[in-house]
Amino acid sequence: MTESVMPTYGRLDVTFSEGKGAWLTDTDGKRYLDALSGIAVCNLGHCHPAVTRAIQHQAETLVHTSNMYHIALQEKLADKLTALSGMEQVFFSNSGAEANEAAIKIARKYGHSKGIDKPVVIVMDGSFHGRTMATLSATGNAKVQVGFDPLVPGFVRVPYNDLDALRMAIGHWPEAVAVLLEPVQGEGGIKIPDAEYLAGVRAICTQRKLLMMLDEVQTGIARTGKWFAYQHNDGLIPDVMTLAKGLGNGMPIGACLVAGSAVGILQAGNHGSTFGGNPLACSAALSVLDTIEQEGVLGHVNDLGKQMLTAFQKQLVGKPGVKDIRAHGFMLGIELTMPCAELVKKALADGLLINVTADSVIRLLPPLIINSEEASMIVEKVSKLVLDFLSSQQVESVA
């Protein structure tokens, strides 16, 4: 790779030149089945015709003005997102980290409105919220924080999926103003909380007058079989929700949505974004939402996601070295009892794109439009990789 690019990524030795649906082609003409979707970004696959047409049309019409003026497509997208989510207002940004920055600023301003000089946001162990200084500080992963001290103060971490720990932290920190968490921890290893956990967090936040803030950057936009993961809990509405990734299907766009006590906290001059919600990004996002509705993607994700989980369980449950298999829609994690990062390169050689997170969890985030044949191919390839890997590790440990 050219030395002109800062080496901030541990890149794999491949360059893609073309994508269509769930498949990518590299510069040598080799095809790869994408079971990662650009890390939950290309939910409709690569170069979906409807999204492509929307981008092409808008690029020929108007790409950017400024948020100094009304932007019709931004208003249309905000109306669509609030109707789908039950939220009330939207701030648009360029990324998930920026959406989470907006959420953190809302929490702090909410705290100051209550007379709290140093507001505290309660966050979760194992979480990931971004790499800006504030979102990095909110993230519950010490590895990504190394070398960036001093971190931004005002965050207290508690164990994920533990309501008692949350109550204790709120009792210990009277300055607490908000709870920020992911409905499913993606980077943390596809950690799925107990069925009653989110409702419990909502009840605690309502009782203590804290903002419930959900980071749906990875879980949102149909990834779990609902538009937003919190909608698996009937009647639950957060105070703040953040989106990005799948919202633009590759076109950079983020969103911070508010409801209830969070409405009206940010006023003119409190926050902004040069590119956030420009016509090009909003046209892409609108086409994504329309396509998910028109093509019945939610039902497809629910049905095929269950089939993939069952197939993985049939192949891998009970095998020595397989600790757990878990899934929520098209978020699938296979946890092994040992580090398995080498499987990413092995999968690449086999024409499959996967990811390993939390050292020992194979993370699968396939495009939401894969068919049954492609889903079966992912299951077969990943299962074989896992079994071959575990077999080789056992041989090595005996030797």
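Residues numbered from 1 in each chain as written. Predicted model: local features only at pLDDT ≥ 70, side-chain atom pairs only at ≥ 80, totals over all residues. Heavy atoms only, no water.

Caption draft 1: Representation of the side chain of Thr219 in the model. Tracing the backbone shows Thr219 in the loop between strand S8 (211-215) and strand S9 (240-243). Reaching out from Thr219, the side chain makes a polar contact with the side chain of Glu216 at a distance of 2.7 Å. Sequence-distant contacts of Thr219, defined by excluding residues within four places in its chain, comprise Pro183, Val184, Thr224, Ala229 and Met331. (Helix = DSSP H or I, 4+ residues; strand = E, 2+ residues; numbered from the N terminus. Polar contact = N/O pair within 3.5 Å; in protein donor to acceptor, adjacent residues only side chain to side chain. Contact = heavy atoms within 4.5 Å.)

Caption draft 2: Inspection of the UniProt feature "binding site: pyridoxal 5'-phosphate" (unreviewed entry) in the protein chain at higher detail. Under the feature "binding site: pyridoxal 5'-phosphate" (unreviewed entry), the UniProt entry names Gly96, Ala97, Phe128, Asp215, Glu216, Val217, Gln218 and Thr274. The named residues occupy 179 residues along the chain; their greatest pairwise C-alpha distance, 24.9 Å, places them well apart from one another. Mapped onto the elements, Phe128 comes out in the loop between strand S5 (120-124) and helix H5 (133-138). On the basis of relative accessibility, which here comes to 21%, the residue Phe128 falls in the partly exposed class. Sequence-distant contacts of Phe128, that is, excluding residues within four places in its chain, are made with Thr139, Glu182, Glu187 and Asp215. Inspection of the secondary structure puts Glu216 in the loop between S8 and S9. Those residues within four positions of Glu216 in sequence are excluded, and the remaining contacts are Pro183, Phe228, Ala229, Tyr230, Met241, Thr242 and Leu243. (UniProt positions renumbered as here; feature names shortened; annotations may be inferred. Buried < 20%, exposed > 50% of the residue type's maximum accessible area, 1.4 Å probe, protein only.)

Caption draft 3: Up close: the sheet that holds S9. As summarised here, the arrangement of the seven strands in space is S4-S10-S9-S8-S7-S5-S6, forming an open sheet in which the pairing is mixed. Unpaired on one side and paired on the other, strand S4 (89-93) and strand S6 (155-158) mark the two borders of the sheet. Averaged over all pairs of adjacent strands, the angle between their axes in this sheet comes to 20°, without regard to strand direction. Both S8 and S9 contribute to a ladder of three bridges, which runs parallel. (Pairing = 2+ DSSP bridges. Axes fitted to C-alpha atoms, helices over the stretch in contact; angles between N-to-C directions.)

Caption draft 4: Highlighting the pairing of strand S11 (residues 322-328). Pairing of S11 with strand S12 (residues 331-336), which is carried by six bridges, proceeds in the antiparallel orientation. Bridging from a neighbouring strand, Ala327 pairs with Leu332 of S12. In this antiparallel pair of consecutive strands, S11 and S12, the connection spans two residues, and Gly329 shows a positive phi of 65°.

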